[in-house]
Amino acid sequence: MKKKFVHICEEFEYTWIGKDNGMIPIYIKELGDYDVNIVTLDLKKDLPETIRGVNFIKIKRWFKNIKNFAPWVIFIKRIPLYYYLMKNSKDIDILMLFHMTKCSYWNSYFYKKFNPKGKIYIKADFNLDVYKKEIERTEMKPKNLREYFRKKREVKEYSKRKKLASMIDLISYESLDGYEAMKDSYAGIDTKGKTMYLPNGYDSEFIEKNIRIKPFEEKENIILTVGRLGTEEKNTGYLLDILERINLKEWKFYFVGPIEKSFQREIDNFFIKYPEKKENIIFTGEVKDRIKLYDYYNRSKVFILPSKWESFGIVMVEAMAFGNYILTSNTCAAKDITDFGKVGEIFSLEEREKVENLLKDVVEDRVNLEEKYKETLNHSEKFKYKNLMEKLLERI
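What counts and how
- Residues numbered from 1 in each chain as written.
- Predicted model: local features only at pLDDT ≥ 70, side-chain atom pairs only at ≥ 80, totals over all residues.
- Heavy atoms only, no water.
- Helix = DSSP H or I, 4+ residues; strand = E, 2+ residues; numbered from the N terminus.
- Rg over C-alpha atoms; globule rule 2.2 N^0.38 Å.
- Buried < 20%, exposed > 50% of the residue type's maximum accessible area, 1.4 Å probe, protein only.
- Contact = heavy atoms within 4.5 Å.
- Areas by Shrake-Rupley, 256 points an atom, 1.4 Å probe, with all protein chains shown as cover.
- Lys, Arg positive; Asp, Glu negative; His and termini not counted.
- Charge placed at Lys NZ, Arg CZ, Asp CG, Glu CD.
- Salt bridge = Lys/Arg side-chain N within 4 Å of Asp/Glu carboxyl O.
- Pairing = 2+ DSSP bridges.
- Right-handed = clockwise from strand over helix to strand, strands pointing away.
- Polar contact = N/O pair within 3.5 Å; in protein donor to acceptor, adjacent residues only side chain to side chain.
- Axes fitted to C-alpha atoms, helices over the stretch in contact; angles between N-to-C directions.
- Parallel < 35°, antiparallel > 145°, perpendicular 65-115°, else oblique.
- Nonpolar A, V, L, I, M, F, W, Y, C, P; charged D, E, K, R; others polar.
- 1 Å grid on protein atoms, 1.4 Å probe; cavity = no way out; pocket = protein on both sides within 12 Å on 5 of 7 lines; lining within 4 Å.
- Points joined across faces, edges and corners; volume = space filled by probe spheres on them.

### Here's the deal with the overall build of the chain
- From N to C terminus, the chain includes 16 helices and 16 strands.
- Against the 2.2 N^0.38 benchmark of 21 Å for 396 residues, the chain shows a C-alpha radius of gyration of 22 Å, consistent with a compact globule.
- Overall, the C-alpha framework of the chain stretches about 65 × 55 × 40 Å when taken along its three principal axes.
- Residues classed as buried in the chain amount to 52% of the 396 residues present.
- Considering only residue pairs separated by 6 or more positions, the chain has 70% of its internal contacts joining residues 24 or more positions apart.
- About 19400 Å² of surface is accessible on the chain, with carbon and sulfur atoms providing 50% of the total.
- Distance between charge centres in the chain, computed from 74 positive and 63 negative side chains, equals 8 Å.

See the structure below:
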């Protein structure tokens, strides 16, 4: 009888099928002897019933339209999920969760309550800088009543994480920096022997079956960025500021992804000020179809991501699968992705002039992009989900 692997992801978006939320369950199914389900409280109509042998179990959330004005409201909304765990935990051999949070604690609590021998795997989706700041906040003395209540909430959250760290069987960290800092303990709880380094990857099987990767000579003079355009973490406005001062010549710059309403005004103002740049700077909007999305990677030569923070940056390894030269801000996994700067460039967001010069070097043909193309494809082998999931299955 096959073992059962269940991933709980309370809010699952269709585009996440191609990201770690979907890829890990899919590859566990394809490489291991498991029945695999993804359990979600999100009943979005575009979610399929099954994908590549992985079933979606959709549970209706209670009181969905009531705002989360207190922790007990959030708890009540999740009761159908906890009921699912009460009924099914004994049949679940491995429970996969994302993030070391209070939500993961309660899911783990109900799972272990009804299946003490079951195994819990948590993908940390971890940002070391954010973690350090959270720890600092719990140690700071509150200056006013508002900070007092904020600290009280965060201390409670922190205590749940400590309990969670003692319950879990395996936790993976996406960046080497994160892993090295956290491999022996989490929030003061000993986790030796329960941690592993596991970067995010790309869907190599899908690409190999559906797409012919273009050789360098067939690629176009395109610089690409992909993500939720205009969110604080993606820092898209930074690129518009840089592009004000760059003559792209025969190059084009593609912004691919959904656009925040507030950022749309910035785009409109940019083109009012620089109408001549409409020929070279293109906003595509959201691209849900993976074949179409990967076509942008396939056509491009350069990928840039100026994020303020990232737990990893999956879009960069997807770009690398197509040989794109990577330019990235110094987020926690930047060294892993660029092989410590060997197949890309890492920049600090304060170094605006450096970023401007990096793009000018590309446009003015001062970078041997054909050589970088070959180096990047070789390095991208490390991030194939097939290879990564074989390592995870060994630990599981």
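### Thoughts on the pattern of salt bridges
- In total, this model carries 27 salt bridges according to the counting rule given.
- A salt bridge links Asp203 to Arg52, with the shortest nitrogen-to-oxygen separation between them at 2.6 Å. Highlighted residues: Asp203 in the loop between β10 (195-197) and α8 (204-210) and Arg52 in the loop between β3 (50-51) and β4 (54-58), separated in sequence by 151 residues.
- Classification of Arg52 as partly exposed rests on a relative accessible area of 28%.

### Overview of the pairing of strand β13 (residues 281-285)
- Side chains of β13 alternate between two faces, with Ile281, Phe283 and Gly285 buried and Ile282 and Thr284 left unburied.
- Pairing analysis gives four bridges linking strand β12 (residues 252-256) to β13, with the strands arranged parallel. Pairing of Tyr254 across the sheet is with Ile282, part of β13.
- Tracing the backbone out of β12, into helix α10 (residues 261-273) and back to the parallel element β13 gives a crossover that is right-handed.

### Brief notes about the environment of Tyr84
- By the secondary structure assignment, Tyr84 is in helix α3 (residues 79-88).
- Taking the C-alpha atoms as reference points, Tyr84 and Tyr111, 27 residues apart in sequence, are found 9.6 Å from one another.
- Those residues in contact with Tyr84 that lie beyond four places of it in its chain are Val6, Val39, Ile57, Ile59, Ser89 and Ile92.

### Observations concerning the side chain of Lys123
- Here Lys123 lies in strand β6 (residues 119-123).
- Among the polar contacts made by the side chain of Lys123, one reaches the side chain of Asn200 at a distance of 2.7 Å.
- If sequence neighbours within four positions are ignored, Lys123 has contacts with Asp20, Ile24, Met96, Leu97, Phe98, His99, Ser172, Glu174 and Asn200.

### Considerations on the packing of helix α9 (residues 236-243) against α10
- Interaxial distance between α9 and α10 falls to 11 Å at its minimum, and their mutual angle equals 5°. One way to sum up the angle between α9 and α10 is to call them roughly parallel. Facing Thr236, Gly237, Leu240 and Leu243 of α9, the residues of α10 in contact are Phe263, Glu266, Ile267 and Phe270.
- Taken together, the residues of the contact of α9 with α10 break down into five nonpolar, two polar and one charged.

### Concerning the environment of Gly227
- When you line up the elements, Gly227 lands in the loop between β11 (222-226) and α9.
- For the pair Gly227 and Ile259, spaced 32 residues apart in sequence, the C-alpha separation works out to 8.9 Å.
- The contacts of Gly227, once residues within four sequence positions are left out, are Val256, Gly257 and Pro258.

### A look at empty space enclosed by the protein
- Tallying each qualifying case throughout the model produces one cavity of 30 Å³ or more.
- Quantified by volume, the largest cavity comes out at close to 50 Å³.
- Thr225, Val226, Gly227, Arg228, Leu229, Lys234, Thr236, Leu239, Leu305 and Pro306 together form the lining of the largest cavity.
- Listing elements by their share of the lining of the largest cavity, those giving two or more residues are β11 and α9.
- Here the residues of the lining of the largest cavity are counted per class, giving five nonpolar, three polar and two charged.

### Structural notes on helix α11 (residues 290-299)
- With seven of its 10 residues buried, α11 lies for the most part within the structure.
- Of all the positions in α11, only Arg290, Leu293, Tyr294, Tyr296, Tyr297, Asn298 and Arg299 are classed as buried.
- For α11, the capping residue at the N-terminal end is Asp289, with a side-chain oxygen 2.9 Å from the backbone nitrogen of Ile291.

### Observations concerning the sheet that holds strand β2 (residues 34-40)
- Here we have eight strands laid out as an open sheet, ordered β3-β4-β2-β1-β5-β6-β7-β10, and mixed in their pairing. Edge positions in the sheet fall to β3 and β10, since each of these pairs with one other strand and no more.
- Here six bridges tie strand β1 (residues 3-8) to β2, and the two strands are oriented parallel to one another. Counterpart to Val6 in the pairing with β2 is Asn37.

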